[in-house]
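Single-letter residue listing:
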Amino acid sequence: RGKKKKRTKNNFSTMADYDEDDERVPEYTVRQSDFPLALQQKAVKYADQGFEKEALVKDIAKFIRDKCEEDEDFQNGEGAWQCIVGPKFAGSITYDTTYMSFFDLKDQNSSILLFKA
């Protein structure tokens with residue numbers, strides 16, 4: 001069974017291989033996140049599914065955003081979900097605190113910035 005680490009803010013280490021339901025979570029690295037671990041793992045799964053189903057990064061970002069908009073666990077707080085995907089990008093954002101995650105998917109060689117604004 002995979003390793004499990006508790007999430008800490010600004011943790012750059014690779015996170016759990018399995019979630020609380022013992023489902024596989026793709027290998028990822030958190031750059032910064034305000035998400036609880038269970039929500040973080042869901043976001044990673046949605047990102048992985050987006051890469052499997054879509055070819056263009058704009059469509060991957062839309063897929064992730066749409067999954068968050070549909071999922072009840074992501075419905076707290078005000079504002080709409082925003083998602084940026086790519087191997088390289090820069091930005092300056094304003095977001096609702098507790099609703100931001102910036103992580104890398106190892107197998108996809110891409111970063112995902114997911115936030116509510």
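Higher on the page you've got the structure.
For the structure given in this document, a descriptive report is provided here. (Residues numbered from 1 in each chain as written. Predicted model: local features only at pLDDT ≥ 70, side-chain atom pairs only at ≥ 80, totals over all residues. Heavy atoms only, no water.)

## With respect to the packing of aromatic side chains
- In the structure shown here, the tally under the stated rule is 7 aromatic pairs.
- Plain terms: the ring middles of Phe35 and Phe74 are 6.1 Å apart, the flat faces sit at 75 degrees to each other, and that makes the pair edge-to-face. Placement of the pair is Phe35 in the loop between strand 1 (28–33) and helix 1 (37–53) and Phe74 in the loop between helix 2 (57–70) and strand 2 (81–86), with a sequence separation of 39 residues. Take Phe35 and Phe74: they sit in the same class, and that class is buried.
- Consider the rings of Tyr46 and Phe74, whose centres lie 6.0 Å apart with planes at 40 degrees: the pair is tilted. With Tyr46 in helix 1 and Phe74 in the loop between helix 2 and strand 2, the pair connects residues that are 28 residues apart, well separated along the chain. (Phe/Tyr/Trp six-rings, centres within 6.5 Å; stacked < 30°, edge-to-face > 60°. Helix = DSSP H or I, 4+ residues; strand = E, 2+ residues; numbered from the N terminus. Buried < 20%, exposed > 50% of the residue type's maximum accessible area, 1.4 Å probe, protein only.)

## Comments concerning the pattern of salt bridges
- All told, the structure shown has 7 salt bridges when counted by the stated rule.
- Asp71 is the salt-bridge partner of Lys42, the closest N and O atoms lying 3.0 Å from each other. Residue Lys42 is found in helix 1, and its partner Asp71 is found in the loop between helix 2 and strand 2; the two are separated by 29 residues along the sequence.
- A salt bridge links Asp73 to Lys42; the shortest N-O distance between them is 2.4 Å. Of the two residues, Asp73 sits in the loop between helix 2 and strand 2 while Lys42 sits in helix 1, which places them 31 residues apart along the sequence.
- A relative accessible area of 43% means that Asp73 is categorised as partly exposed.
- One network of salt bridges, with partners in common, ties together Lys42, Asp71 and Asp73. (Salt bridge = Lys/Arg side-chain N within 4 Å of Asp/Glu carboxyl O.)

## Here's the deal with the sheet that holds strand 2
- In space, the 4 strands of this open sheet follow the order 1-3-4-2, with antiparallel pairing throughout. If you trace the sheet from one side to the other, it starts and ends with strand 1 and strand 2, each paired once. For this sheet the average axis-to-axis angle between neighbouring strands, irrespective of direction, equals 15 degrees.
- In this structure, strand 2 lies alongside strand 4 (residues 110–116), joined through 6 bridges in antiparallel fashion. What sits directly across from Ile84, in strand 4, is Leu113.
- Sheet strands in contact with helix 1 are strand 1, strand 2, strand 3 (100–105) and strand 4, and its direction is about 50 degrees off that of strand 3.
- Each of strand 2 and strand 4 is contacted by helix 2, which is oriented at about 150 degrees to strand 2, the strand it contacts most. (Pairing = 2+ DSSP bridges. Axes fitted to C-alpha atoms, helices over the stretch in contact; angles between N-to-C directions. Contact = heavy atoms within 4.5 Å.)

## A short note on helix 1
- Relative to the 24 Å expected for 17 residues at 1.5 Å per residue, helix 1 spans 24 Å between its end C-alpha atoms, a close match to the ideal helical length.
- Within helix 1 the residues assigned to the buried category are Leu39, Gln40, Gln41, Ala43, Val44, Lys45, Tyr46, Ala47, Asp48, Gly50 and Phe51.
- In the core, the buried residues of helix 1 are packed alongside strand 1, helix 2, strand 2, strand 3 and strand 4. (Expected span 1.5 Å × (residues − 1).)

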